[in-house]
There are 2 protein chains.
Amino acid sequence: MEAINLKKLASLLQLSISTVSKALRDSHEISADTKKRVMDLARELNYEPNPYAGSLRKFKSKTIAVVLPDIINNFFIFAIKGIQEAAYLKGYHVLIYITNENPEYEKEVVRQFANGRVDGLIISLTSPFDKTEHISALEDKGLPIVFFDRVSQNFEHTLITTNNYESAYKGTTLLIKQGCKRIAHCQVSDKISIGIDRLNGYKKALQDMGIELDPEWILSSNKDIDYDTDLIERALTRKNGPDALFTSVETHALIAYDICRKHKIDIPKKIKLLSFSNLPTAHLMQPSLSTITQPAYEMGRAAAEQLILALEKPARFKPERIQMDSILYERESTR
Amino acid sequence: MEAINLKKLASLLQLSISTVSKALRDSHEISADTKKRVMDLARELNYEPNPYAGSLRKFKSKTIAVVLPDIINNFFIFAIKGIQEAAYLKGYHVLIYITNENPEYEKEVVRQFANGRVDGLIISLTSPFDKTEHISALEDKGLPIVFFDRVSQNFEHTLITTNNYESAYKGTTLLIKQGCKRIAHCQVSDKISIGIDRLNGYKKALQDMGIELDPEWILSSNKDIDYDTDLIERALTRKNGPDALFTSVETHALIAYDICRKHKIDIPKKIKLLSFSNLPTAHLMQPSLSTITQPAYEMGRAAAEQLILALEKPARFKPERIQMDSILYERESTR
DNA sequence: GTGAAAGCGCTAACAC
DNA sequence: GTGTTAGCGCTTTCAC
C-alpha cells in the first residue's frame, strides 16, 4: 500500500508540508496561486488524507459504533438504514457489531471503544438493563452514547424508544375485542426494557378488560431459537391452550406460524396471532400477519442525529428521551 | 474523553513507556515481575491501546469495509452476518456502507479507502461491471479487494459468486415444465454481472426447450422502485400478458405480489412466480413463493475469510473464483 | 532488563 | 505567505 501523503506532495511541489496541509484546507494564509498548484496535484494523484493521523491529533475519528443484538428481525435492518443515512449526511463512518444476543460478546466489543476508536456509540442492548457496567465505564470516559429500542434505565442518556406500553395495551385490547380469552404473551426477555414495558401493557389491558391473568400464559423467551421454539410449541399444543398469541418479536411470530402449520392449527380460527414486527411481507402472508410496527428507520435516523448532535455541539446538547409511536396494522391473523 | 494511555501507565508505575509497551505485549525482554505489575495495573484501569496510533505505525487498521447496493434484499442481510462473524473471529472491525443503488455514492465512498482507513474491501457492485475505475484505483494502491455476488469482470480478483447461469436455466426450465409459454424475466440490470448471467440462463433454457424468445418479455429494471413497479405492472396487466414471471431480485417479487393483489391476478393460476430470494417468509406467503436461494451467509463468510487470508498471508494467497450453488425451492407460486 | 529516541501522517502554534 | 517544530499514542531500534 504505497499511499500518497503530504510529505510526497510537498516534495513534488517543492513546498513545506505545512503549506501543503494549509492549502488543502483552503487556509487564507496561503496564496491563491499556491492553493491551486497544491489542489491540482492532490486531485491528480488522488490524494486522500490518512484518517488515522488526523484522529490521533484531533481526538476525533468521525466514526460511530453501532451495536445490535441481531440482524434478523427487520426492525434492526431498517434501523441500520436510518443510522447509515444520517451518518453519511454528516460525514461519519459506521462500524457495525452484532452480538447475536450474547451479552459476553457485547461486553467484549464495548470495552474496545474505550480508547478513541469511535467518537460515539449507538446501542440496542443485549445485556440485561440492570447489568450495564460495561456501558457506564465508557460513559465515565466521556463517550457519548445513544440507546435505542432496548434501552438502559440506569443513566441519564439519550433514549430513542417507542410507546411500547401503549402499543401492547392496544394490541391486547384488540385481541380481547376479537373474543379471545386465553391470550398468551411471548416476552423477548424479562431483563430487557421492551420486554418489561410490553408485558406491562399486556397485563394492564387484561386487567382493565376484566380478564384474569394466568401466569402460565406468559412465555419467557431465552433468545435461543431451539428453546424458544420448544416453549412456543408446548404452549400452542397444550390441552386448553391459548386462543391468542401476542409475540414481542418478529422471529417468534414466524416460529408460531411454522408450529401452527406443523400441527394444523388454524390461524386465526383456532388461534389469533399478533406481533411486534417490521416484516415487509406481513401483508402477504398466509394468513396476513397483524403487526405492531415500529418506525424503525426513523428511530435509527434519530439515534444517529442525536449522537452526532452530541458530538458536534456538546454545549447545545442535552440528553433527551425521544418516544415515537408504533402503528397497529390489523390483518387476517386477528380476524 | 480522558483516555488512559501508555504514558499514564508508565508514570504511575515509574517505568518508561517502552517498557510498559513491551510488557503489555508479553515481550521476553521484560522480567516476569514487571510484566505482572504492568498487566495488573492495565487491567485495573481498563487500559485499551489507541487503535489509531497503532495503525499509524503499522499501516494496518484491522478494519475492513463492506460496500453494498442495498440492505432490503435479505440476501445482503445474511451476507453481512457471514462477513461480520468471520471478521470477528479474526479480530477485524467492519465498516458498512450502503449505496442505495447509487453509483456516484459508491465512487465517493470507495475513494476514501485510498489512504489507510481500511485494510481491505468487500464489495457487491452498484456500478456497472464495466465502469469500475474507482475500484481499480484502489487496486493500484495495493488494497486487497473481494467481490461477491455482483462482481466485476475486469480484474484478477477474488470473486465469490453463485451458479447464476445454471440456476436461472433450471428455474426457467421448471416454469416451462409447468406449462408456461410466455415467461417474462425481470432483470436486475443489464450492466451487472448477475443480471447478465441470469438472463443468459433464462434465454438458453427457452432456446433448449424450443420456445421463442420475445424481447418484450425481458423487463429491464431501473432499480428505482417507482419505475420498476410501473414496469412490472404494465407487463402483468397487458393483454396477452405473461403466464410466468421470473424475477432476479426479491424486491421485484414482492412488487409482483402487490400488483397481482391489486389487479386480482391469481398466482399461480393466471401467472406463475419464481424469484431469486432469501426471504425467510417465502414458505409462509400466500401463495408460498418458489425461490432460488443463494447461500448468502456462506458467501459473506467466504468473502471475509478470503479477504483476511489475503491480508494476513499475502504470500500464500492467490485470487480465487469461488462459486457456490443456489437451491431451487419449488413452492405454490409455480404449481 | 530497562530506557531513550525516532518516526508513522497529520495539524497548529509559532517563527520569519 | 511560507516554513519550522512539537506532539497526538504507539512500536521498534538501539543504547546502556
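Since the structure is predicted, the reported quantities are computational estimates derived from the model, not experimental observations. For every chain, the first residue of the written sequence is number 1, and numbering continues from 1 along that sequence. Each chain takes a letter, starting from A, and each ligand takes a number, starting from 1, following the order in which they are written. This being a predicted model, a pLDDT of at least 70 is required before a residue's local features are given, and a value of 80 or more before pairs of side-chain atoms are given or counted; all residues contribute to the totals for chains, interfaces and linings. With hydrogens and water excluded, all non-hydrogen atoms of the structure serve as input to the side-chain values.

Caption draft 1: Examining the side chain of His134(B) more closely. Residue and element names in this part refer to chain B. Secondary structure elements follow DSSP: runs of H or I of four or more residues count as helices, runs of E of two or more count as strands, with numbering from the N terminus. Structurally, His 134 can be placed in helix H7 (residues 133–140). Whenever a nitrogen or oxygen atom comes within 3.5 Å of another N or O atom, the pair is scored as a polar contact, on the condition that within protein one atom can donate a hydrogen and the other can accept it, and that pairs from neighbouring residues in sequence are kept only if both atoms are in side chains. At a separation of 3.5 Å, a polar atom in the side chain of His 134 contacts the side chain of Ser 127. Residue contacts for His 134: discarding those within four places in its chain leaves Glu 106, Lys 107, Val 110 and Ser 127. Should any heavy atoms of two residues lie within 4.5 Å, those residues are considered in contact.

Caption draft 2: Fine view of the protein's contact with DNA strand C. Residues are classed as near a molecule or strand on a simple rule: at least one heavy atom within 4 Å of it. Looking at DNA strand C, there are 25 residues lining it, with Leu6(A), Tyr47(A), Arg57(A), Lys22(B) and Arg57(B) nearest. Looking at DNA strand C alone, sugar and phosphate atoms form 61% of those within 4 Å of the protein. For DNA strand C, a phosphate oxygen lies 3.1 Å from a polar atom in the backbone of Asn50(A). Elements represented by at least two residues in the surface near DNA strand C include exactly helix H2 (17–24) and helix H4 (51–58) of chain A together with helix H2 (17–24) and helix H4 (51–58) of chain B.

Caption draft 3: Quick look at the relation of the copies chain B and chain A. What sets the superposition is a least-squares fit of C-alpha atoms, and only residues with pLDDT of at least 70 in both copies go into it. For the pair chain B and chain A, the superposition axis carries a translation of 0.0 Å, the fit reaches an RMSD of 0.1 Å, and the rotation angle comes to 180°. Such values leave the two copies arranged in the relation of a two-fold axis. Taken together, the interface assignments show that 98% of the residues at the interface of chain B recur at the interface of chain A, consistent with an identical surface on both copies.

Caption draft 4: How the structure looks around helix H10 (residues 225–237) of chain B. Residue and element names in this part refer to chain B. Expected helix span is computed as 1.5 Å times (number of residues minus one). Relative to the 18 Å expected for 13 residues at 1.5 Å per residue, H10 spans 18 Å between its end C-alpha atoms, a close match to the ideal helical length. Accessible area is worked out with a 1.4 Å probe on protein chains only. A residue is then buried under 20% of its type maximum, exposed over 50%, and partly exposed in between. Within H10, burial applies to Asp 228, Leu 231, Ile 232, Glu 233, Ala 235 and Leu 236. Close packing links the buried residues of H10 with strand E6 (183–187), strand E7 (218–220), strand E8 (244–247) and helix H11 (250–262).

Caption draft 5: Representation of the domain arrangement of chain A in the model. Residue and element names in this part refer to chain A. Boundaries of every domain are those given by an automatic assignment or by a domain database. In terms of domain boundaries, chain A breaks down into domain 1 (1–49), domain 2 (60–162 + 298–325) and domain 3 (164–294 + 328–334). Using C-alpha coordinates to define each centre, domain 2 is positioned 28 Å away from domain 3. Contact with domain 2, which involves 19 residues of that partner, is made by 18 residues of domain 3. Buried area between domain 2 and domain 3, both sides added, is near 1,500 Å², and the carbon and sulfur share of it is 50%. For this document, the term salt bridge refers to a Lys or Arg side-chain nitrogen within 4 Å of an Asp or Glu carboxyl oxygen. The interface formed by domain 2 and domain 3 includes one salt bridge. Put simply, buried area is the surface a 1.4 Å probe can reach on two separate parts but cannot reach once they are joined, added for both.

Caption draft 6: View of the protein's contact with DNA strand D. Near DNA strand D there are 24 residues, and of these Ser18(A), Lys22(A), Arg57(A), Leu6(B) and Arg57(B) occur at the shortest range. Between a base oxygen of DNA strand D and a side-chain N or O atom of Ser18(A), the distance comes to 3.0 Å. For DNA strand D, a base oxygen lies 3.0 Å from a polar atom in the side chain of Glu29(A). The set of elements that each furnish at least two residues to the surface near DNA strand D consists of H2 and H4 of chain A together with H2 and H4 of chain B. Among the elements that line the surface near DNA strand D, the one with the most residues is H2(B), at four residues. Across the surface near DNA strand D, the residue classes tally to nine nonpolar, nine polar and six charged. For this classification, the nonpolar set comprises Ala, Val, Leu, Ile, Met, Phe, Trp, Tyr, Cys and Pro, the charged set comprises Asp, Glu, Lys and Arg, and every other residue, Gly included, is treated as polar.

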